[in-house]
Protein chains: 2
Amino acid sequence: MDPKAFYDLSYGVYIVSAWDNGRPTGCTANSAIQVTSSPATVLVSINKDNHTNRCIADCGHFAVSVLHEQSDPAVIGTFGFRSGKDFDKFAAVPYDVKDKMPVVRDSCAYIACKVIGTMDTPTHTVFLGEVFGAEKTGGGRPMTYAYYHNVIKGKTAKNAPTYQAETPAPAGKRVCSVCGYVYEGDFDALPDDWTCPVCGQPKSAFRKA
Amino acid sequence: MDPKAFYDLSYGVYIVSAWDNGRPTGCTANSAIQVTSSPATVLVSINKDNHTNRCIADCGHFAVSVLHEQSDPAVIGTFGFRSGKDFDKFAAVPYDVKDKMPVVRDSCAYIACKVIGTMDTPTHTVFLGEVFGAEKTGGGRPMTYAYYHNVIKGKTAKNAPTYQAETPAPAGKRVCSVCGYVYEGDFDALPDDWTCPVCGQPKSAFRKA
C-alpha cells in the first residue's frame, strides 16, 4: 500500500465550529462534503480527541467556514494546532454569529448545519448535518488542501485523517514545535515579536532541527 | 440560504467501482475522503438510485480511481451519465484489476476498500471502507471538481449531491440530451462520427436549445 495514493484525494480547508456552553470554539478540517442536495446535507469528519467533537455532539449543531486562498494562514494554525479546551481560539480570530452559529469572518462562505446522523470510526466521528443556513461571506477562490500544502507550505495536524509523518527538517533549520513549520531564512534576523505564520506561536516555540 | 455557498466546498473527480456479479461497474463521484489514518479508512457517498450503490452493498468492496487533469473527459461522462444496469461501462473504458478490484487505467491513483460501515441519508448511502490496497497508477495532477467545471466545462449528473439546476443554454445552441454539454461552435460542420466530449453520445443525441 502506497500512502502517496491518498495524497491524490482533493480537499478544501475549513474551520468547523460549534458552541461550547455559550463560548464559540472550532477546529481546522479538510473533510467537509455535501452528501445530498434535497434536503441539503453536509458531512464533516472530526477526530474524537478534538474538543470540537464533544462540543458538536453536545450542542447538536456545527458550522463550516470555507477559507479562501488569501485567508490568513494563522487562522488555520490557531484552529488546527491548539486545543479549544484550554485556549479561546475565537478570541484570537474575528468572527460573526450567522444563523446563530460562530463563523470565521476571513472566509468566503459558511454552511450551518443541525446534526441528523453520526457514524463512528476508529478515531473520528462523521457528523451528518442538515443545512439550515448558508451564505457567501466574501470573494476569493476557496483554498484547496493542495494550495495550503504547496503554496502556503502548511503542515498537517497529527489529529487529521490525512496526517503522515513528515521527513525531518534539514539540520540547523528552525522548526515550530507546535505545527512543524520550517523557517527557511535567517531566523536570528527576525524581530522579537515575529510569530509562526502557520500557528501564531512566538519565536521561543522554535527549536533547531 | 444561498446555494452558491455549496460551490465553495472542494472535491476531486473519481470513478467509484465495484463488482456486479463478476462484471465490473462503477459511477463518477466527487465525494471521496480519507476519514482515519490508522487504520486507513475512506468514505464515498453514492446515490441510492445508482446501480453502483447496490453493487457495493452486495459485494462489500469498492475502489476509488482518482482521475487526473489529462484524463479523458469521456470517462467521466461514461461513468456519470449512463446507468451500469443496462450499459457495460468498463467495456468502453480500459481498466486493470488491482488488488482484485476494477480500476480505471487512465487515472493517477487508486484506493481499494472493504466496506466496514454505512450511513443512510435521504438520497445517498455513505460507505465507509477500510483500505486494503492503494497505489499510484500514473503521474499528472489530480483533477479537482473545480477544474472539471471551469476548464473542461463539465456538467453535473442529476444524481450527484452537488447537482443544481443550471441556466438553460442560449437558444439555437446544441445541447447533449444525456449530459447537458453545450456545443459552442458550428455543430453542422462536425464530422458524423463526432461524439460528445463529456459523455460520448453521438451527434444524434444533441437537441437545439
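Residues numbered from 1 in each chain as written. Chains lettered and ligands numbered in written order. Predicted model: local features only at pLDDT ≥ 70, side-chain atom pairs only at ≥ 80, totals over all residues. Heavy atoms only, no water.

Some details on the relation of the copies chain B and chain A
- Note on the copies: chain B fits chain A at an RMSD of 0.0 Å, the axial shift is 0.0 Å, and the rotation between them is 180°. Within this description, the copies of the chain are treated as partners about a two-fold rotation axis. Minimal C-alpha separation from the rotation axis in chain B is found for B:Tyr11, amounting to 2.8 Å.
- Here 100% of the contact residues of chain B are again contact residues in chain A; the copies associate through an equivalent surface. (Least-squares fit on C-alpha atoms with pLDDT ≥ 70 in both. Contact = heavy atoms within 4.5 Å.)

Thoughts on the sheet that holds strand 9 (residues 124-136) of chain B
Residues and elements named next belong to chain B.
- Strands sit in the order 2-1-5-8-9-4-3 across an open sheet of seven strands; the sheet is antiparallel. In the strand order of this sheet, the two ends are held by strand 2 (23-29) and strand 3 (32-37), each with one partner. On average, each strand axis in the sheet is inclined to that of its neighbour by 35°, with strand direction left out of account.
- Two elements, strand 1 (residues 14-20) and strand 2, share seven bridges in a ladder whose sense is antiparallel. Counted as the bridge partner of Asp 20 is Arg 23 from strand 2. (Pairing = 2+ DSSP bridges. Helix = DSSP H or I, 4+ residues; strand = E, 2+ residues; numbered from the N terminus. Axes fitted to C-alpha atoms, helices over the stretch in contact; angles between N-to-C directions.)

Considering the sheet that holds strand 10 (residues 174-176) of chain A
Residue and element names in this part refer to chain A.
- Spatial ordering of the open sheet is given by 11-10-12, a layout of three strands whose pairing is antiparallel. Of all strands in the sheet, those with a lone pairing partner are strand 11 (182-183) and strand 12 (206-208), marking the two edges.
- Here two bridges tie strand 10 to strand 11, and the two strands are oriented antiparallel to one another. Note on strand 11: the bridge partner recorded for Val 175 is Val 182.

Focus on the domain arrangement of chain A
All names here are of chain A.
- Here chain A is described as being made up of domain 1 (3-148) and domain 2 (167-209).
- Here domain 1 and domain 2 have C-alpha centroids that lie 27 Å from each other.
- In total, about 500 Å² of surface goes out of reach between domain 1 and domain 2, with carbon and sulfur atoms giving 57% of it.
- At the surface where domain 1 touches domain 2, the tally comes to zero salt bridges.
- Between domain 1 and domain 2 we count zero residue pairs in polar contact (both at pLDDT 80 or more) in total.
- Of the residues forming the side of domain 1 that touches domain 2, the biggest block, six residues, is contributed by helix 2 (residues 73-81).
- Classifying every residue of the side of domain 1 that touches domain 2 gives five nonpolar, two polar and one charged. (Domains from an automatic or database assignment. Buried area = accessible area lost by both parts, 1.4 Å probe. Salt bridge = Lys/Arg side-chain N within 4 Å of Asp/Glu carboxyl O. Polar contact = N/O pair within 3.5 Å; in protein donor to acceptor, adjacent residues only side chain to side chain. Nonpolar A, V, L, I, M, F, W, Y, C, P; charged D, E, K, R; others polar.)

Overview of unusual backbone geometry
All names here are of chain A.
- The peptide bond linking Ser 38 to Pro 39 adopts the cis configuration, its omega dihedral lying at 0°.
- Positionally, Pro 39 belongs in the loop between strand 3 (32-37) and strand 4 (40-47).
- Backbone geometry places Asn 21, a non-glycine residue, at a positive phi of 50°.
- Mapped onto the fold, Asn 21 is located in the loop between strand 1 (14-20) and strand 2 (23-29).
- For Asn 21, a relative accessible area of 79% translates into the label exposed.
- Positive phi, close to 50°, is recorded for Asp 99, a residue that is not glycine.
- Within the fold, Asp 99 resides in the loop between strand 6 (95-98) and strand 7 (101-104).
- Exposure remark for Asp 99: the relative accessible area of 35% places this residue in the partly exposed category. (Buried < 20%, exposed > 50% of the residue type's maximum accessible area, 1.4 Å probe, protein only.)

Here's the deal with the side chain of B:His51
- Its location among the elements puts B:His51 in helix 1 (residues 51-59).
- The residues touching B:His51, leaving out its near neighbours within four places in the chain, are B:Asp20, B:Arg23, B:Thr25, B:Ser83, B:Gly84 and B:Lys85.

Quick word on the confidence of the model for chain A
- Considering every residue of chain A, the mean pLDDT works out to 90; 95% of them sit at 70 or more.
- Complex prediction metrics read pTM 0.85 and ipTM 0.84. (pLDDT = per-residue confidence, 0-100.)

Section: helix 2 (residues 73-81) of chain B
- Along helix 2 of chain B, the residues that are buried comprise B:Val75, B:Ile76, B:Gly77, B:Thr78, B:Phe79 and B:Phe81.
- Buried residues along helix 2 of chain B sit in contact with strand 1, strand 2, helix 3 (89-92), strand 7 (101-104) and helix 4 (145-150) of chain B.

Structural notes on the interface of chain B and chain A
- Chain B puts 53 residues into the contact, and the matching count from chain A is 53 residues.
- Of all residues in chain B, B:Asp8, B:Gln34 and B:Met119 give up the largest surface area on contact with chain A, accounting jointly for 16% of the area buried on that side.
- Linking chain B with chain A are two salt bridges, by the criterion used here.
- Linking chain B to chain A there are ten residue pairs in polar contact (both at pLDDT 80 or more).
- Elements with a minimum of two residues in the side of chain B that touches chain A: strand 3, strand 4 (40-47), strand 5 (61-66), strand 8 (109-120) and strand 9 of chain B.

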